[in-house]
Amino acid sequence: MRKITAFNILAILLFAGFISCKSEKESVKKTLPEKRPNIIFLMSDDHAYQAISAYSDKLIQTPNIDRIADGGIKFTNASVTNSICAPSRATILTGKHAHIHGKVDNVFPFDESQLTFPQLLQEAGYQTAMFGKLHFGNNPKGIDEFKILPGQGAYYNPDFNTNEGQITVEGYVTDIIMDMTLDWLENSRQEDKPFMLFSMQKAPHREWLPAPRHFKEFTKKSFKEPETLFDDYEGRGTAAKTAEMNLLEHMNWAGDSKLYPEMMAELGIEDKSGWDIDAFEREVGRMNPEQRAVWDSVYKPIMEEFKEKYPEMNETELMKWRYQRYMQDYLGSIASVDENVGRLLDYLEETGLDENTIIVYTSDQGFYLGEHGWFDKRFVYDESFKTPLLIKWPNVITAGTTNTEMVQNLDFAQTILEAAHVEAPSDMQGESLIPLLLGNEEEWTRDAVYYHYYEYPGIHMVKRHYAIVTQDYKLIHFYYDVDEWELYDRKKDPNEMNNVIDDPEYAEVVVKLKEQLADLRKQYGDSSELDQEILRKYLEAKDNPDIETVPLH
Ligand code: SGN
Ligand code: CA
């Protein structure tokens, strides 16, 4: 028999202690605090995760947005159910897929009979406010005080629809939206109620216009090109080849690249889109003399130089020039989003309000920053499908957490309602993220998400498609005016360059995913009949002035 030594006893005691500690830890599941939190929902428009340094520091530093990630949780696999503005916002507010809440595209106004979660919070005693972009074609519901941009809104000296009618505010839109947000916190907040505050930026939406204070800095910068900038779309189906969002082919010269309309005329460049020059006038033409002077002092010399070079430039050079111009303006407009997030975080910390406030930072969808030669979004391919999602909630979320689960904008309503101890209606279709925020991952079981994009034929010409996405694969069906399936192996082909739908090696995967996709469509109440009905309505409204639609910009 072995001798029992003091050392052995110590080892046994330590081991027993370890076991009991472990089981104690396992049984102590974190729960929500009883006190109802305030919620600040920060959303920017078209803010790609590639342009947030918490996700990637290749393009820009966003130290303030990163503060939310550092103090909370960063989701690296968050996505949208339909990558376009108003449908995404409607999904966020209703907790339902687009075919259920009805806002399937940017074309028709939001159906006001739909129940949105701010209404439930308001009923439960929350004070509610919304500032910035909504893009519904009507005003928000369940919101005590709002100042929202009409339609897409303007970057300089913008108009706002408010509870008391329309106002125009002098300045740069991103600063103004945060001024309104801070002013509300400081002067309108009722101390005896928790609040739900939406602060939703227009930036960095097309035409990607920075604040005058950033013109100079960003137009001097040069950015790394993405690997797939010169994609020729071989290996993909018809939809990628016929989409109209290529930087070289489809960007506007004046509106997007900021070439002065008179220079377009001198160079013999036509306004192909029919609104290019209008777009320039709509934004740059809105500046006051002071703003315009800063603009001209920076952009004029750049365009003069381009005018000289243009006749000699080949397609590759033009593509490279357009990419740099695009990134300079897009990222320049993000610089002020980040600065303004910093203003808000400072205010919350100084007042101690940060302690019991959830801060969400997200975008209404992702965006192509030259990947596949594209700008815009709409496709289920990653850069557009995925969206940034950062959430900070002191004492609840462990600071600096990274989560890789497949969460969606569909889940936000149920998450916020649960955080506020308000029961979510049973017909909401998402899943509350609370288990993930608390670190109770074992309660999360989702292994696939559903996607459906509709707005076609229309701007950017991205064909209608629905898809199932798992951590490993993406199966897509483009079902209108073609009938094409695509399969991507997300692990082996993260840039999604090779459609392997006909590769025999994936035959079994395809069968299984098609079944799973059919189940998801059923589970969420989507069907071919509904697809046809939605399409019929869309085609009927197109070019029919008697049917009410939301203006494109
Ligand atoms: C505008 C833009 C499009 C953009 C849509 C939708 N064109 O129409 O490029 O896809 O908005 O954007 S523009 O020349 O008017 O800027 S969304 O974010 O509202 O869905
Ligand atoms: Ca958008």
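Basis of the calculations
- By convention here, each chain's residues receive numbers from 1 onward along its written sequence.
- Note on labels: chains are lettered from A, ligands numbered from 1, in written order.
- Note on the predicted model: pLDDT of at least 70 is required for a residue's local features to be given, and 80 or more for side-chain atom pairs to be given and counted; whole-chain, interface and lining totals, by contrast, use all residues.
- Side-chain calculation: all heavy atoms of the structure are included, whereas hydrogens and water are not.
- Here a donor is any nitrogen, oxygen or sulfur atom (N, O, S) within 2.8 Å of the metal, with 3.2 Å used for Na, K and Ca; water is not among the atoms considered, so some sites may look incomplete.
- Angle rules define the geometry names used: all angles between 85 and 135 degrees makes four donors tetrahedral, while opposite donors over 155 degrees apart and all other angles between 65 and 115 make four donors square planar and six octahedral, leaving every other case irregular.
- Summary of the burial criterion: residues with accessible area below 20% of their type's maximum are buried, those above 50% are exposed, and those between are partly exposed, where the area comes from a 1.4 Å probe applied to protein chains only.
- What makes a residue near a molecule or strand is one non-hydrogen atom of that residue sitting within 4 Å of it.
- Two N or O atoms form a polar contact when they lie within 3.5 Å of each other; inside protein one atom must be a possible hydrogen donor and the other a possible acceptor, and for residues adjacent in sequence the pair counts only when both atoms belong to side chains.
- Residue exposure ignores everything except the shown protein chains as possible cover, and the areas themselves are Shrake-Rupley values with a 1.4 Å probe.
- Put simply, Ala, Val, Leu, Ile, Met, Phe, Trp, Tyr, Cys and Pro go in the nonpolar bin, Asp, Glu, Lys and Arg in the charged bin, and everything else, Gly too, in the polar bin.
- Each helix is a run of DSSP H or I of at least 4 residues and each strand a run of E of at least 2, with the numbering of both proceeding from the N terminus.
- Only strands joined by at least two bridges in the DSSP assignment are considered to pair.
- Segmentation into domains, and thus their bounds, comes from an automatic or database assignment.
- Only heavy atoms matter for contacts: two residues are in contact if any of them lie within 4.5 Å across the pair.
- Buried area: the accessible area, evaluated with a 1.4 Å probe, that two parts lose upon being put together, summed over both parts.
- Here a salt bridge means any side-chain nitrogen of Lys or Arg lying within 4 Å of a carboxyl oxygen belonging to Asp or Glu.

Student: Just checking my understanding: could you explain the coordination of the calcium ion (ligand 2) for this structure?
Tutor: A four-donor tetrahedral metal ideally has 109.5 degree angles, and a six-donor octahedral metal ideally has angles of 90 or 180 degrees. For the calcium ion (ligand 2), the full set of protein donor atoms is Asp 45 (OD), Asp 46 (OD), Asp 364 (OD), Asp 364 (OD) and Gln 365 (OE1), and the range of their distances to it is 2.2 to 2.8 Å. Its six donor atoms give the calcium ion (ligand 2) angles of 50 to 174 degrees at the centre, a pattern that matches the irregular case. Here Asp 364 falls in the buried class, since its relative accessible area comes to 0%.

Student: What is the right way to read the site of ligand 1 from this model?
Tutor: Close contacts around ligand 1 come from 21 residues, with Cys 85, Arg 206, Asp 376, Arg 378 and His 460 the closest. In the model, an oxygen atom of ligand 1 is placed 3.0 Å from a nitrogen or oxygen of the Trp 275 side chain. Contacts to ligand 1 include Arg 378, whose side-chain N or O atom sits 2.7 Å from an oxygen atom. Notes on ligand 1: free accessible area 460 Å², of which the protein chains cover 99%. Grouping the constituent residues of the shell around ligand 1 by class yields five nonpolar, seven polar and nine charged.

Student: Sorry if this is basic, but what is going on with the pairing of strand β8 (residues 357-363) here?
Tutor: Residues in a regular strand project their side chains so that they alternate between the two faces of the sheet. Of all seven residues in β8, seven are buried, a share of seventy percent or more. Side-chain alternation along β8 places Thr 357, Ile 359, Tyr 361 and Ser 363 on one buried face and Ile 358, Val 360 and Thr 362 on a second face that is also buried. Looking at chain direction, strand β1 (residues 38-44) and β8 are connected through seven bridges and run parallel. Of the residues in β8, the one forming a bridge with Leu 42 is Tyr 361. Summarising the sheet, β8 and strand β9 (residues 389-392) pair through four bridges and their orientation is antiparallel. Residue Ile 359 lies in a different strand from β9, and its bridge partner there is Lys 392.

Student: Which parts of the structure should I look at to understand the domain arrangement of the chain?
Tutor: A common way to state how big an interface is: give the accessible area lost once the parts meet. Under the domain assignment, the chain is made up of domain 1 (43-208 + 333-444), domain 2 (216-326) and domain 3 (453-543). Inter-centroid distance (C-alpha atoms) of domain 1 to domain 3 is 26 Å. Taken together, the contacts link 28 residues of domain 1 with 28 residues of domain 3. For the pair domain 1 and domain 3, the summed buried area comes to about 2400 Å², and 60% of that belongs to carbon and sulfur atoms. When the buried surface of domain 1 facing domain 3 is broken down by residue, His 99, Arg 378 and Tyr 381 rank first, second and third, together holding 28% of it. Joining domain 1 to domain 3, the criterion identifies three salt bridges. Salt-bridge contacts for Arg 490 lead to Asp 382; the nearest nitrogen and oxygen are separated by 3.0 Å. Our enumeration of links across domain 1 and domain 3 arrives at 16 residue pairs in polar contact (both at pLDDT 80 or more).

Student: What is the right way to read the pairing of strand β6 (residues 165-168) from this model?
Tutor: Where strand β5 (residues 159-162) meets β6, four bridges bridge the pair, whose relative direction is antiparallel. Paired with Thr 162 across the strands is Gly 165, a residue of β6. The loop that links β5 with its antiparallel partner β6 comprises two residues.

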